[in-house]
Amino acid sequence: MIAQSKYVVHEPEKCKGKWKEVFGNDRPIHIEIGMGKGKFIMGMAEANPDINYIGIEKYSSVLLRAIQKMEENELPNVVFIRMDAEDICEVFDKGEIDKIYLNFSDPWPKDRHAKRRLTSKQFFERYDGILKKDGIVEFKTDNDLLFQFSLEQVPEAGWNLDKFTWDLHNDEEMVKGNVMTEYEEKFSKLGIKIKYLKAVKK
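Everything numeric in this text was worked out from a predicted model, so none of it was measured.

Colleague: Provide a residue-level description of the pairing of strand β2 (residues 52–57), including the pertinent values.
Modeller: Counted residue by residue, β2 has six buried out of six residues, so it is predominantly covered. The sheet contact formed by strand β1 (residues 29–33) and β2 spans five bridges and is parallel. Across the sheet, I31 pairs through a bridge with I54, a residue of β2. Between the parallel pair β1 and β2, the chain is carried across by helix α2 (residues 39–47), and the sense of this crossover is right-handed. A crossover connection joins β2 to the parallel strand β3 (residues 78–82) through helix α3 (residues 60–72); in handedness this β-α-β unit is right-handed.

See below:
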């Protein structure tokens, strides 16, 4: 089903530098890495029809759920890619992306796997390669240790830590316009605080 889906870009590396052509317009492009079942990115796309969204998901079984949602509620400003986040520089050109969302990423708790975390210095180097000047990374998590690690990695990667909070849903200013993910809804109901940070490329 994924192979046939019109919502999935099947050879994304061929679109490098040409994503505006894929969407047929010059609007800003935002990507979500690890989009899960697509609730967040589709909610964002619905709320912001003047922005193009690309959802990246590694697992076919999860991507399938997002495709099913799109079939029920088609959005012209969203496409999906099935790929590993490590390959983003093969798929997007320098300065092609305006904003990256990282939501409830795998914490990779073992120290030896630190560079696999999507907020590691190594990944910020990749984001450097595809984001415009002043490009933005927004990150949400329920995991305290991963959040602390991320707060330290942002300046270490040479980025500006624009703002952050350890309790997003109780921060009146930062929670404005927040679209919840599936995990976010689940954790919030359990009383787990949602952490958020915004990093800006220098």
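What follows picks up the thread again.
Colleague: Go over the pattern of salt bridges with me, naming the residues and quoting the values.
Modeller: Taken as a whole and assessed by the stated rule, the structure comprises 14 salt bridges. A salt bridge links D134 to K133; the nearest nitrogen and oxygen atoms lie 3.9 Å apart. We classify K133 as exposed; its relative accessible area is 63%. With its nearest N and O atoms 3.3 Å apart, the salt bridge here joins K176 to E173. Taken as a pair, K176 and E173 share a single burial class, namely exposed.

Colleague: Please provide a residue-by-residue account of the side chain of N25, values included.
Modeller: Positionally, N25 belongs in the loop between α1 (19–23) and β1. A relative accessible area of 18% places N25 in the buried class. Of the polar contacts made by the side chain of N25, one reaches the backbone nitrogen of R27; its length is 3.1 Å. Separated by 2.7 Å, the side chains of N25 and N52 make a polar contact.

Colleague: Provide a residue-level description of unusual backbone geometry, including the pertinent values.
Modeller: Unlike most non-glycine residues, F104 shows phi in positive territory, near 55°. Judged by relative accessible area, which is 10%, F104 ranks as buried. Although it is not a glycine, D134 sits at a positive phi angle of roughly 65°. Position of D134 among the secondary structure elements: in strand β5 (residues 131–141). D134 sits in the partly exposed class, given a relative accessible area of 47%.

Colleague: For a nonpolar patch on the surface, give the residues involved together with the corresponding values.
Modeller: On the surface, a cluster of nonpolar side chains totalling about 250 Å² of accessible area is made up of L161, F164 and W166. Turning to its location among the elements, L161 is positioned in strand β6 (residues 160–165). Assessed through its relative accessible area of 31%, L161 is described here as partly exposed.

Colleague: Give me the nonpolar core: which residues, what numbers.
Modeller: A general trend in soluble globular proteins is that nonpolar side chains are found buried together. Of all hydrophobic cores here, the largest spans 37 residues; its most connected members are W19, I31, I33, I54, F92, I100 and Y127. Counting residues per element, this core draws most heavily on helix α6 (residues 144–156), at five residues. With near-sequence residues (within four places) excluded, I100 lies in contact with I31, I33, Y127, I130, L131, I136, V137 and E138. Membership of the second largest hydrophobic core comes to 20 residues, among which are V8, A45, I51 and I67.

Colleague: Got a sec to walk through a positive patch on the surface? Specific residues and values, please.
Modeller: Together, K110, R112, K115 and R116 give the surface a local cluster of positive charge. Among the secondary structure elements, K110 is positioned in the loop between β4 (97–103) and α5 (121–130).

Procedures and definitions
- Residues numbered from 1 in each chain as written.
- Predicted model: local features only at pLDDT ≥ 70, side-chain atom pairs only at ≥ 80, totals over all residues.
- Heavy atoms only, no water.
- Buried < 20%, exposed > 50% of the residue type's maximum accessible area, 1.4 Å probe, protein only.
- Helix = DSSP H or I, 4+ residues; strand = E, 2+ residues; numbered from the N terminus.
- Pairing = 2+ DSSP bridges.
- Right-handed = clockwise from strand over helix to strand, strands pointing away.
- Salt bridge = Lys/Arg side-chain N within 4 Å of Asp/Glu carboxyl O.
- Polar contact = N/O pair within 3.5 Å; in protein donor to acceptor, adjacent residues only side chain to side chain.
- Patch = residues over 30% accessible without salt bridge, like charges linked within 9 Å, V, L, I, M, F, W, Y side chains within 5 Å.
- Areas by Shrake-Rupley, 256 points an atom, 1.4 Å probe, with all protein chains shown as cover.
- Core = buried A, V, L, I, M, F, W, Y, C linked by side-chain atoms within 4.5 Å.
- Contact = heavy atoms within 4.5 Å.
- Lys, Arg positive; Asp, Glu negative; His and termini not counted.
- Charge placed at Lys NZ, Arg CZ, Asp CG, Glu CD.

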